[in-house]
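Observations on the model geometry
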Amino acid sequence: MDKDKLRLYVLIQNLANGLTQPFMSFLAVASGVPNIGLGLISSANGFFAGVTQLPLRKLSEPVKLLKVSTATLSALWLIMAFISYTNPILYVVTYLSIAAISGISAYAWALLLERASRGSRGRVLAEYGFFGSIGGLLATLTTGLVVRGNYALAKYVFLTAALLIISNFTVLMRLDNVKYDEVNSSNIKQSVKGIERFLGATFLFAVVWSFAWPIFPVAQYYVFSMTTEQVAILSIVGGASTLILQRPVGSLVDKHRRLMMFLGRFLLITFPLMYVFSTSVYQLFVINVVSGFTNSVSNTAYMAYLFDNSRDKKSAITIYSAVYGTGTLVGSLIGSVSLTAAELVVGVKEAVKYLLLIDAAARAGAAVAYLKLPEFKPASKGTLTVSARTN
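Presented here is a report on the structure given in the accompanying data block. Note that the structure is predicted; figures quoted are calculated from it, not measured.

**Quick word on the side chain of T228**
Tracing the backbone through its elements, the reader meets T228 in helix 11 (residues 228-255). Not counting residues up to four positions away in its chain, the partners in contact with T228 are F23, F26, L27, T143, G144, V147, R148 and Y151.

**Describing the packing of helix 4 (residues 62-84) against helix 7 (residues 154-173)**
Put simply, helix 4 and helix 7 touch, their axes get as near as 8 Å, and they point 165 degrees apart. As far as their axial angle goes, helix 7 and helix 4 are roughly antiparallel. Seen along the crossing, helix 4 lies across helix 7 with a hand that is left-handed. Mapping the contact onto sequence places L66, K67, T70, A71, L73, S74, W77, L78, M80, A81 and F82 in helix 4 and K155, F158, L159, A162, I165, I166, N168, F169, L172 and M173 in helix 7. For the contact of helix 4 with helix 7, the per-class residue count stands at 16 nonpolar, 3 polar and 2 charged.

**Side note on the side chain of S241**
With respect to the helices, strands and loops of the structure, S241 is situated in helix 11. Of the residues examined, S241 reaches a relative accessible area of 7% and is grouped as buried. At 3.3 Å, the side chain of S241 forms a polar contact with the backbone oxygen of V289. Among all residues touching S241, those that are not within four sequence positions of it are N288, V289, S291 and G292.

**Remarks on the nonpolar core**
In terms of nonpolar packing, the biggest core is built from 106 residues, with W77, Y91, F158, F198, Y275 and Y370 touching the most fellow members. Per element, the largest residue contribution to this core is 14 residues, and it comes from helix 5 (residues 88-116). Here Y370 is in contact with F198, A201, T202, F205, R258, M261, F262, R265 and Y302, once residues within four sequence places are set aside.

**Overview of the environment of A110**
When you line up the elements, A110 lands in helix 5. Exposure remark for A110: the relative accessible area of 29% places this residue in the partly exposed category. With 207 residues separating them in the primary sequence, A110 and I317 have C-alpha atoms 9.3 Å apart.

**Side note on the packing of aromatic side chains**
Using the criterion set out here, one finds 18 aromatic pairs in the structure. Ring centres 5.4 Å apart and planes at 80 degrees place the aromatic pair Y85 and F158 in the edge-to-face group. Placement of the pair is Y85 in the loop between helix 4 and helix 5 and F158 in helix 7, with a sequence separation of 73 residues. Under the relative-accessibility criterion, Y85 is labelled buried at 8%. For F158, a relative accessible area of 1% corresponds to the buried category. Aromatic pair Y151 and Y221: ring centres 6.4 Å apart, planes at 45 degrees, arrangement tilted. Linking Y151 in the loop between helix 6 (121-147) and helix 7 with Y221 in helix 10 (residues 215-223), this pair joins segments that are 70 residues apart in sequence. Take Y151: its relative accessible area is 19%, and that puts it in the buried class. Owing to a relative accessible area of 26%, Y221 belongs among the partly exposed residues under this scheme.

Rules and cut-offs
- Residues numbered from 1 in each chain as written.
- Predicted model: local features only at pLDDT ≥ 70, side-chain atom pairs only at ≥ 80, totals over all residues.
- Heavy atoms only, no water.
- Helix = DSSP H or I, 4+ residues; strand = E, 2+ residues; numbered from the N terminus.
- Contact = heavy atoms within 4.5 Å.
- Axes fitted to C-alpha atoms, helices over the stretch in contact; angles between N-to-C directions.
- Parallel < 35°, antiparallel > 145°, perpendicular 65-115°, else oblique.
- Left-handed = near helix turned anticlockwise from the far one by under 90°.
- Nonpolar A, V, L, I, M, F, W, Y, C, P; charged D, E, K, R; others polar.
- Buried < 20%, exposed > 50% of the residue type's maximum accessible area, 1.4 Å probe, protein only.
- Polar contact = N/O pair within 3.5 Å; in protein donor to acceptor, adjacent residues only side chain to side chain.
- Core = buried A, V, L, I, M, F, W, Y, C linked by side-chain atoms within 4.5 Å.
- Phe/Tyr/Trp six-rings, centres within 6.5 Å; stacked < 30°, edge-to-face > 60°.

Dropping the structure here:
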């Protein structure tokens, strides 16, 4: 397998993702997307990506899958740029389609990474993660500086993302097709056995975690009057602190897995609380440094726990993604409906405040479930690194 082409692929793909992903919910608010649509957009990458992976479990040609999904993604971003951006309903429909196809692409990429990193998990995966993170941070800053408060310019960002993905398709066309040969094959029941409590804790926390996702961009737009430049800075602060803390936190995860899983979830109360008690955007920037720790734990501990307690890793990935994704959809929809109802009673600013306080308490309570998971001995030194949502 040509690792140079894989490095180039992940760099370009994360450039495209960095241009768009941190801003989609914020731009949805600015474009007049209703709260229920905002809830769908906020949870799309979790739910639709997870669900689309389930029927793909038996596929064994990840390069072909990656080629098809990449070509489709480029077409969808072109549609977003030229047709959907000015129409709130089409905006939602197109983005949900992007999220679904991105899930297929992410699954194919995960299989390629699993194959490419055998024998040296930590080093290889950290290398690809570094390339992706750097590209994403630079692209996010670019979008923030270009768009700022002129949201009409976002269509050019979508067009640029489409062109980057098209260039990535040309990279993939030079990549040889490979068969994914999984070593430890089993059935779904064997994959789930022993991790029911972990999946239950994942679903519960996903619900309370995603409850705030449609509320955050409303807070950014209506309470703090943020621009895309400021949204970009907020995202970059989180990304940069994650790059700095990833390695030291990763070593702590290997030594204190269950405690770190708890802390990684518990400290997520920071983000709803910072929108409640901060009095300026600059305070948000400073407090968001905490996401370096929570992201670093999320990037290692939960998938490592899943892998060390499952026989069939391919099935485990798809089941975990589906459980997590379903939880995020449920939570985001509850959050968006609650926001709509609360706005009618107390107004948007007070609604944001009260709902985020409730969510912070719920996050703290749900985090306790991770302290009750059984301990285990890691099967190997390598841990899988995956991208995680900041807040």
